[in-house]
Amino acid sequence: MYTPTERDTYFQRTIDMLNVLPMVEGVVQLGSGVTGYKDEFSDIDLMIATSTEDEVIGVKDNIQQFYKDLNPVIIKEKQFSKNIYLLIVILENSLEFNVSILQRNSLSVRSPLWRIVLDKTGLVSEKMGKEDRSFSNKPLKYATFEDPVFEFVYCFIRLDKELKRHNFVYALKMLESMRDYTLIVQTLNEDKKLHQFKAYDSLNNDFLKKYLSTYPKDITCDSMVESASLLKELFIHTVMQSSIYTLDDSLLELLKPKKNV
(Lines give C-alpha, C1' and ligand atoms only; values in the text may rest on other atoms or scores of the structure.)
Protein backbone atom coordinates (compact mmCIF):
# COMPACT_ATOMS: atom_id res chain seq x y z
CA MET A 1 0.00 0.00 0.00
CA TYR A 2 1.21 3.50 -0.82
CA THR A 3 1.79 6.30 1.67
CA PRO A 4 0.25 9.80 1.41
CA THR A 5 3.72 11.10 0.55
CA GLU A 6 4.05 8.61 -2.31
CA ARG A 7 0.62 9.58 -3.60
CA ASP A 8 1.53 13.27 -3.53
CA THR A 9 4.81 12.52 -5.33
CA TYR A 10 3.13 10.57 -8.13
CA PHE A 11 0.44 13.24 -8.39
CA GLN A 12 3.03 15.99 -8.84
CA ARG A 13 5.03 13.92 -11.34
CA THR A 14 1.86 13.51 -13.39
CA ILE A 15 1.07 17.24 -13.33
CA ASP A 16 4.66 18.14 -14.24
CA MET A 17 4.50 15.76 -17.22
CA LEU A 18 1.17 17.21 -18.39
CA ASN A 19 2.46 20.75 -18.00
CA VAL A 20 5.14 20.22 -20.64
CA LEU A 21 2.81 18.49 -23.12
CA PRO A 22 1.85 21.27 -25.58
CA MET A 23 -1.42 19.56 -26.52
CA VAL A 24 -2.65 19.65 -22.88
CA GLU A 25 -4.62 22.81 -22.17
CA GLY A 26 -5.55 22.10 -18.56
CA VAL A 27 -6.07 19.55 -15.78
CA VAL A 28 -8.98 19.22 -13.34
CA GLN A 29 -8.72 17.09 -10.23
CA LEU A 30 -11.89 15.29 -9.10
CA GLY A 31 -13.06 13.39 -6.04
CA SER A 32 -11.92 13.34 -2.44
CA GLY A 33 -8.41 14.51 -3.34
CA VAL A 34 -9.87 17.96 -3.89
CA THR A 35 -10.49 18.33 -0.15
CA GLY A 36 -7.56 16.27 1.11
CA TYR A 37 -8.46 12.64 0.28
CA LYS A 38 -10.81 10.50 2.32
CA ASP A 39 -8.14 8.09 3.56
CA GLU A 40 -4.97 6.19 2.60
CA PHE A 41 -6.95 4.08 0.12
CA SER A 42 -8.13 7.02 -2.00
CA ASP A 43 -7.09 7.12 -5.64
CA ILE A 44 -6.26 10.05 -7.94
CA ASP A 45 -8.94 11.22 -10.38
CA LEU A 46 -8.04 13.66 -13.14
CA MET A 47 -9.69 15.18 -16.22
CA ILE A 48 -7.20 16.19 -18.92
CA ALA A 49 -8.46 18.81 -21.36
CA THR A 50 -7.19 19.44 -24.89
CA SER A 51 -8.03 22.41 -27.11
CA THR A 52 -9.35 20.32 -30.01
CA GLU A 53 -10.73 16.84 -30.64
CA ASP A 54 -7.77 16.04 -32.91
CA GLU A 55 -5.38 16.34 -29.96
CA VAL A 56 -7.17 13.86 -27.67
CA ILE A 57 -5.62 10.65 -29.00
CA GLY A 58 -2.11 12.12 -29.05
CA VAL A 59 -2.43 13.22 -25.42
CA LYS A 60 -3.87 9.84 -24.42
CA ASP A 61 -0.92 8.03 -26.02
CA ASN A 62 1.61 10.30 -24.29
CA ILE A 63 -0.04 9.80 -20.90
CA GLN A 64 -0.19 6.06 -21.44
CA GLN A 65 3.53 5.96 -22.20
CA PHE A 66 4.28 8.00 -19.07
CA TYR A 67 2.49 5.46 -16.89
CA LYS A 68 4.08 2.53 -18.70
CA ASP A 69 7.45 3.91 -17.66
CA LEU A 70 6.30 3.65 -14.02
CA ASN A 71 6.02 -0.15 -14.40
CA PRO A 72 2.32 -0.42 -13.51
CA VAL A 73 0.52 -3.67 -12.79
CA ILE A 74 -2.06 -2.75 -15.42
CA ILE A 75 -3.27 0.07 -17.65
CA LYS A 76 -6.86 -0.32 -18.83
CA GLU A 77 -8.09 1.96 -21.60
CA LYS A 78 -11.79 2.68 -22.02
CA GLN A 79 -13.52 4.75 -24.69
CA PHE A 80 -16.85 6.41 -23.90
CA SER A 81 -17.41 8.27 -27.14
CA LYS A 82 -15.45 9.22 -30.25
CA ASN A 83 -13.05 11.47 -28.37
CA ILE A 84 -13.48 10.76 -24.65
CA TYR A 85 -11.12 8.22 -23.11
CA LEU A 86 -10.41 6.91 -19.63
CA LEU A 87 -7.16 5.35 -18.46
CA ILE A 88 -7.29 3.27 -15.28
CA VAL A 89 -3.76 2.79 -14.01
CA ILE A 90 -2.83 0.61 -11.02
CA LEU A 91 0.75 0.76 -9.78
CA GLU A 92 2.59 -1.96 -7.87
CA ASN A 93 1.96 -0.17 -4.57
CA SER A 94 -1.82 -0.28 -5.36
CA LEU A 95 -2.06 3.44 -6.06
CA GLU A 96 -4.78 3.93 -8.68
CA PHE A 97 -5.14 6.70 -11.24
CA ASN A 98 -8.38 7.36 -13.12
CA VAL A 99 -7.46 9.75 -15.92
CA SER A 100 -10.01 10.91 -18.46
CA ILE A 101 -8.87 12.69 -21.62
CA LEU A 102 -11.28 14.87 -23.56
CA GLN A 103 -11.64 18.12 -25.46
CA ARG A 104 -12.15 21.23 -23.31
CA ASN A 105 -15.64 21.77 -24.71
CA SER A 106 -16.66 18.35 -23.37
CA LEU A 107 -15.74 19.18 -19.76
CA SER A 108 -18.63 18.89 -17.32
CA VAL A 109 -19.34 19.19 -13.59
CA ARG A 110 -21.11 16.31 -11.86
CA SER A 111 -20.26 17.13 -8.25
CA PRO A 112 -18.83 20.01 -6.22
CA LEU A 113 -15.61 18.02 -5.69
CA TRP A 114 -13.37 19.49 -8.38
CA ARG A 115 -10.46 21.91 -8.63
CA ILE A 116 -8.29 23.15 -11.46
CA VAL A 117 -4.64 22.23 -11.01
CA LEU A 118 -3.40 23.37 -14.43
CA ASP A 119 -4.80 25.92 -16.87
CA LYS A 120 -2.50 27.23 -19.58
CA THR A 121 -5.02 29.50 -21.32
CA GLY A 122 -7.69 30.37 -18.75
CA LEU A 123 -10.29 28.69 -20.96
CA VAL A 124 -10.48 25.56 -18.79
CA SER A 125 -11.36 27.70 -15.76
CA GLU A 126 -13.94 29.55 -17.83
CA LYS A 127 -15.56 26.30 -19.04
CA MET A 128 -15.56 24.67 -15.59
CA GLY A 129 -17.01 27.82 -14.03
CA LYS A 130 -19.86 27.80 -16.52
CA GLU A 131 -20.51 24.09 -15.94
CA ASP A 132 -20.39 24.56 -12.16
CA ARG A 133 -23.00 27.33 -12.29
CA SER A 134 -25.23 25.08 -14.39
CA PHE A 135 -24.73 22.22 -11.94
CA SER A 136 -25.46 24.42 -8.91
CA ASN A 137 -28.68 25.75 -10.46
CA LYS A 138 -30.11 22.32 -11.22
CA PRO A 139 -33.20 21.61 -9.09
CA LEU A 140 -32.19 17.93 -9.07
CA LYS A 141 -28.39 17.66 -9.19
CA TYR A 142 -28.06 13.92 -8.99
CA ALA A 143 -30.79 12.54 -11.21
CA THR A 144 -30.87 8.95 -12.40
CA PHE A 145 -32.05 7.98 -15.86
CA GLU A 146 -33.84 4.97 -14.40
CA ASP A 147 -37.12 4.89 -12.53
CA PRO A 148 -35.95 3.16 -9.32
CA VAL A 149 -39.46 2.78 -7.93
CA PHE A 150 -40.83 0.89 -10.93
CA GLU A 151 -37.60 -1.11 -11.31
CA PHE A 152 -37.71 -2.17 -7.65
CA VAL A 153 -41.28 -3.40 -7.99
CA TYR A 154 -40.49 -5.16 -11.25
CA CYS A 155 -37.53 -6.96 -9.63
CA PHE A 156 -39.76 -7.90 -6.69
CA ILE A 157 -42.22 -9.56 -9.08
CA ARG A 158 -39.44 -11.40 -10.92
CA LEU A 159 -37.94 -12.51 -7.60
CA ASP A 160 -41.24 -14.10 -6.61
CA LYS A 161 -41.43 -16.01 -9.88
CA GLU A 162 -37.86 -17.27 -9.68
CA LEU A 163 -38.28 -18.45 -6.10
CA LYS A 164 -41.29 -20.49 -7.21
CA ARG A 165 -39.04 -22.03 -9.86
CA HIS A 166 -36.31 -22.62 -7.23
CA ASN A 167 -33.96 -20.58 -9.42
CA PHE A 168 -31.97 -19.25 -6.48
CA VAL A 169 -29.13 -17.68 -8.45
CA TYR A 170 -31.50 -15.46 -10.43
CA ALA A 171 -33.52 -14.72 -7.30
CA LEU A 172 -30.38 -13.51 -5.54
CA LYS A 173 -29.62 -11.25 -8.50
CA MET A 174 -33.08 -9.72 -8.17
CA LEU A 175 -32.54 -9.15 -4.45
CA GLU A 176 -29.29 -7.37 -5.19
CA SER A 177 -30.94 -5.20 -7.84
CA MET A 178 -33.66 -4.28 -5.34
CA ARG A 179 -30.95 -3.21 -2.90
CA ASP A 180 -29.33 -1.07 -5.60
CA TYR A 181 -32.58 0.80 -6.25
CA THR A 182 -33.09 1.29 -2.51
CA LEU A 183 -29.62 2.80 -2.26
CA ILE A 184 -30.33 5.14 -5.16
CA VAL A 185 -33.41 6.59 -3.47
CA GLN A 186 -31.69 6.93 -0.08
CA THR A 187 -28.63 8.55 -1.65
CA LEU A 188 -30.86 11.12 -3.34
CA ASN A 189 -32.81 11.60 -0.11
CA GLU A 190 -29.58 12.65 1.56
CA ASP A 191 -28.57 14.83 -1.40
CA LYS A 192 -25.41 12.81 -1.94
CA LYS A 193 -23.41 12.67 -5.16
CA LEU A 194 -25.10 9.87 -7.08
CA HIS A 195 -22.57 9.75 -9.91
CA GLN A 196 -20.03 7.02 -9.07
CA PHE A 197 -21.14 7.17 -5.43
CA LYS A 198 -19.17 4.87 -3.14
CA ALA A 199 -19.33 6.50 0.29
CA TYR A 200 -22.18 4.33 1.53
CA ASP A 201 -20.76 4.43 5.04
CA SER A 202 -21.74 8.12 5.14
CA LEU A 203 -25.46 7.34 4.77
CA ASN A 204 -27.84 7.50 7.72
CA ASN A 205 -26.85 4.90 10.35
CA ASP A 206 -30.41 3.74 10.99
CA PHE A 207 -30.93 3.19 7.27
CA LEU A 208 -27.66 1.24 7.01
CA LYS A 209 -28.58 -1.07 9.91
CA LYS A 210 -31.93 -1.88 8.32
CA TYR A 211 -30.30 -2.26 4.90
CA LEU A 212 -27.71 -4.75 6.17
CA SER A 213 -30.42 -6.74 7.93
CA THR A 214 -32.01 -7.54 4.54
CA TYR A 215 -29.26 -9.97 3.52
CA PRO A 216 -30.47 -13.58 3.69
CA LYS A 217 -29.08 -15.72 6.51
CA ASP A 218 -29.15 -18.83 4.33
CA ILE A 219 -29.64 -19.59 0.66
CA THR A 220 -33.10 -21.05 1.09
CA CYS A 221 -36.48 -20.06 -0.25
CA ASP A 222 -37.79 -19.07 3.19
CA SER A 223 -34.71 -16.98 3.96
CA MET A 224 -34.91 -15.10 0.68
CA VAL A 225 -38.63 -14.48 1.13
CA GLU A 226 -37.87 -12.98 4.53
CA SER A 227 -35.09 -10.83 3.04
CA ALA A 228 -37.38 -9.60 0.27
CA SER A 229 -40.04 -8.68 2.83
CA LEU A 230 -37.58 -6.69 4.95
CA LEU A 231 -36.20 -4.99 1.86
CA LYS A 232 -39.69 -4.14 0.63
CA GLU A 233 -40.57 -2.45 3.92
CA LEU A 234 -37.31 -0.51 3.91
CA PHE A 235 -37.85 0.57 0.32
CA ILE A 236 -41.40 1.77 0.99
CA HIS A 237 -40.20 3.76 4.01
CA THR A 238 -37.31 5.22 1.99
CA VAL A 239 -39.58 6.30 -0.87
CA MET A 240 -41.96 7.91 1.62
CA GLN A 241 -39.09 10.18 2.69
CA SER A 242 -38.36 11.16 -0.91
CA SER A 243 -39.22 14.52 -2.44
CA ILE A 244 -38.65 13.05 -5.91
CA TYR A 245 -40.33 9.64 -6.04
CA THR A 246 -43.69 8.24 -5.02
CA LEU A 247 -45.27 4.80 -4.87
CA ASP A 248 -48.67 4.96 -6.51
CA ASP A 249 -51.49 2.58 -5.65
CA SER A 250 -50.92 0.31 -8.63
CA LEU A 251 -47.29 -0.30 -7.66
CA LEU A 252 -48.19 -0.79 -4.00
CA GLU A 253 -50.73 -3.38 -5.05
CA LEU A 254 -48.00 -5.32 -6.84
CA LEU A 255 -45.95 -5.39 -3.64
CA LYS A 256 -48.73 -6.99 -1.60
CA PRO A 257 -48.38 -10.68 -0.69
CA LYS A 258 -50.11 -12.92 -3.22
CA LYS A 259 -52.83 -15.22 -1.98
CA ASN A 260 -52.53 -18.84 -2.97
CA VAL A 261 -55.47 -19.91 -5.08
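Everything that follows concerns the structure shown earlier in this document.
Residues numbered from 1 in each chain as written. Predicted model: local features only at pLDDT ≥ 70, side-chain atom pairs only at ≥ 80, totals over all residues. Heavy atoms only, no water.

**Points about the overall build of the protein**
Piece 1. Regarding its fold elements, the protein presents 8 helices and 6 strands.
Piece 2. From first element to last, N terminus to C terminus, the protein shows the α and β order α-β-β-α-β-β-β-β-α-α-α-α-α-α.
Piece 3. When its C-alpha atoms are laid out on the principal axes, the protein stretches across 75 × 40 × 35 Å.
Piece 4. Within the protein, the fraction of its 261 residues that count as buried is 42%.
Piece 5. Long-range contacts, defined here as pairs at least 24 residues apart, represent 61% of the contacts in the protein between residues at least 6 apart. (Helix = DSSP H or I, 4+ residues; strand = E, 2+ residues; numbered from the N terminus. Buried < 20%, exposed > 50% of the residue type's maximum accessible area, 1.4 Å probe, protein only. Contact = heavy atoms within 4.5 Å.)

**Regarding empty space enclosed by the protein**
Piece 1. One pass over the full model with this rule turns up 1 cavity of 30 Å³ or more.
Piece 2. Taken as a whole, the largest cavity encloses approximately 50 Å³ of empty space.
Piece 3. Taken together, S213, T214, Y215, P216, K217, S223, E226, S227 and L230 form the lining of the largest cavity. (1 Å grid on protein atoms, 1.4 Å probe; cavity = no way out; pocket = protein on both sides within 12 Å on 5 of 7 lines; lining within 4 Å. Points joined across faces, edges and corners; volume = space filled by probe spheres on them.)

**Some points on the environment of M128**
Piece 1. With respect to the secondary-structure elements, M128 resides in helix α3 (residues 123–136).
Piece 2. Overall, M128 belongs to the buried group, its relative accessible area being 0%.
Piece 3. Remark: the alpha-carbon pair of M128 and N105, spanning 23 residues in sequence, is separated by 9.6 Å.

**Observations concerning the nonpolar core**
Piece 1. With 27 residues, the main nonpolar core has L18, I48, I63 and I101 as its most contacted residues.
Piece 2. Listing elements by their share of this core, those giving two or more residues are α1 (4–20), β1 (24–30), β2 (44–50), α2 (56–68), β4 (84–90) and β5 (96–103).
Piece 3. Considering every element that reaches this core, the biggest residue donor is α2, with 5 residues.
Piece 4. Apart from the residues within four sequence positions on either side, I63 is in contact with M17, L18, I48, L87, V99 and I101.
Piece 5. Within the second largest apolar cluster, 25 residues are counted, among which are L159, M178, L188 and L231. (Core = buried A, V, L, I, M, F, W, Y, C linked by side-chain atoms within 4.5 Å.)

**Examining the packing of helix α4 (residues 148–164) against helix α5 (residues 168–189)**
Piece 1. Where α4 contacts α5, the two axes come as close as 9 Å, and the packing angle between them is 160 degrees. In terms of their interaxial angle, α4 and α5 are classed as roughly antiparallel. Taken as a pair, α4 and α5 cross one another with a handedness that is left-handed. Where α4 approaches α5, its residues P148, E151, F152, C155, F156, R158, L159, E162 and L163 are matched on the opposing element by F168, Y170, A171, M174, L175, S177, M178, Y181, T182, I184 and V185.
Piece 2. Here the residues of the contact of α4 with α5 are counted per class, giving 15 nonpolar, 2 polar and 3 charged. (Axes fitted to C-alpha atoms, helices over the stretch in contact; angles between N-to-C directions. Parallel < 35°, antiparallel > 145°, perpendicular 65-115°, else oblique. Left-handed = near helix turned anticlockwise from the far one by under 90°. Nonpolar A, V, L, I, M, F, W, Y, C, P; charged D, E, K, R; others polar.)

**Side note on α4**
Piece 1. Here α4 is 17 residues long and its end C-alpha atoms lie 24 Å apart, about the 24 Å a rise of 1.5 Å per residue gives.
Piece 2. The complete set of buried residues in α4 reads P148, V149, F152, V153, C155, F156, L159, E162 and L163.
Piece 3. Those residues of α4 hidden inside the fold are in contact with α5, α7 (221–240) and α8 (249–255).
Piece 4. Of the residues flanking the end of α4, it is H166, one or two places downstream, whose phi is positive at about 60 degrees. (Expected span 1.5 Å × (residues − 1).)

**Focus: α3**
Because each turn of an α-helix spans 3.6 residues, side chains separated by three or four positions end up pointing in the same direction.
Piece 1. Counted at 1.5 Å a residue, the expected span for α3 with its 14 residues is 20 Å, and the 20 Å between its end C-alpha atoms agrees.
Piece 2. Lining the buried residues of α3 we find β1, β2 and β6 (114–119).

**Brief notes about the packing of α5 against α7**
Piece 1. One can describe the packing of α5 onto α7 by two numbers: an axis separation of 10 Å at closest approach and a directional angle of 20 degrees. The angle between the axes of α5 and α7 places the two elements in the roughly parallel class. As for the relative orientation of α5 and α7, their crossing is left-handed in sense. Contact residues: α5 offers F168, A171, L172, L175, M178, R179, Y181, T182, V185, Q186 and N189, while α7 offers C221, M224, S227, A228, L231, L234, F235, T238 and V239.
Piece 2. Looking at the contact of α5 with α7, its residues break down into 14 nonpolar, 5 polar and 1 charged.

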